[in-house]
Amino acid sequence: MKFSMNVVKRASVVAALAVAAASIGAAPASAAGSGTIDVCSFGNYGTSVEFPGRGGLSTVIVPPGSCLSAPIGDLARGNEPINIYGHFPHQVWLQSATFCAAIGGFVGTYGEASDHWVAIPQQC
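Criteria and cut-off values
- Residues numbered from 1 in each chain as written.
- Predicted model: local features only at pLDDT ≥ 70, side-chain atom pairs only at ≥ 80, totals over all residues.
- Heavy atoms only, no water.
- Pairing = 2+ DSSP bridges.
- Helix = DSSP H or I, 4+ residues; strand = E, 2+ residues; numbered from the N terminus.
- Phe/Tyr/Trp six-rings, centres within 6.5 Å; stacked < 30°, edge-to-face > 60°.
- Buried < 20%, exposed > 50% of the residue type's maximum accessible area, 1.4 Å probe, protein only.
- Lys NZ or Arg CZ within 6 Å of the ring centre and 35° of its normal.

Participant: I tried to follow the sheet that holds strand E6 (residues 79-87) on my own but got confused; where do I start?
Facilitator: The strands making up a sheet associate through backbone hydrogen bonding, with each pair oriented either parallel or antiparallel. Judged by pairing direction, the sheet is antiparallel, and its 4 strands sit side by side in the order E4-E3-E6-E7 without closing on themselves. In this open sheet, the two edge strands, each paired with only one partner strand, are strand E4 (57-58) and strand E7 (91-100). Across 5 bridges, strand E3 (residues 46-51) lies against E6 in antiparallel orientation. Counterpart to Val49 in the pairing with E6 is Ile84.

See the structure below:
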């Protein structure tokens, strides 16, 4: 599986890397080269991803402990902005990132409401 693991976190680096290393094998294998976005909620809250350049198109809320693989179409697109939200149960912006629709990518959220972090996809 090919994806970049640019990690933004609010926990200690050592703990974050340990969790990330343990979770990488659990990510869906469909992201690389398929024009899909894989969203996993490894934390204790739901996650959604919004595509503001597509009129606010967004994924459904992925429940805690679950993953979603969603085709996003338009493989000719390059890098585009995404917004990543946690649902605690209210929606909270976690981070913005850049997503490459042509190759697909992985977004993973980890932790809990008071101590959360995000793995973001690689750019084109």
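Participant: Explanation requested: the packing of aromatic side chains in the structure shown.
Facilitator: Aromatic ring pairs are described here by two measures, namely the spacing of the ring centres and the angle between the planes. Summed over the entire model, instances satisfying the criterion amount to 5 aromatic pairs. Judged by centre distance (4.5 Å) and plane angle (40°), the ring pair of Tyr45 and Phe88 falls under tilted. Of this pair, Tyr45 sits in the loop between strand E2 (36-41) and E3 while Phe88 sits in the loop between E6 and E7, placing them 43 residues apart in sequence. A relative accessible area of 1% places Tyr45 in the buried class. Geometrically, the ring pair formed by Tyr110 and Trp117 is stacked, given 4.3 Å between the ring centres and 15° between the ring planes. Each member of the pair Tyr110 and Trp117 is classed as buried. Among the aromatic residues, those joined into a cluster by ring pairs are Phe42, Phe106, Tyr110 and Trp117. Just above the ring of Phe51 sits the side chain of Arg54; from NZ or CZ to the centre is 5.5 Å.

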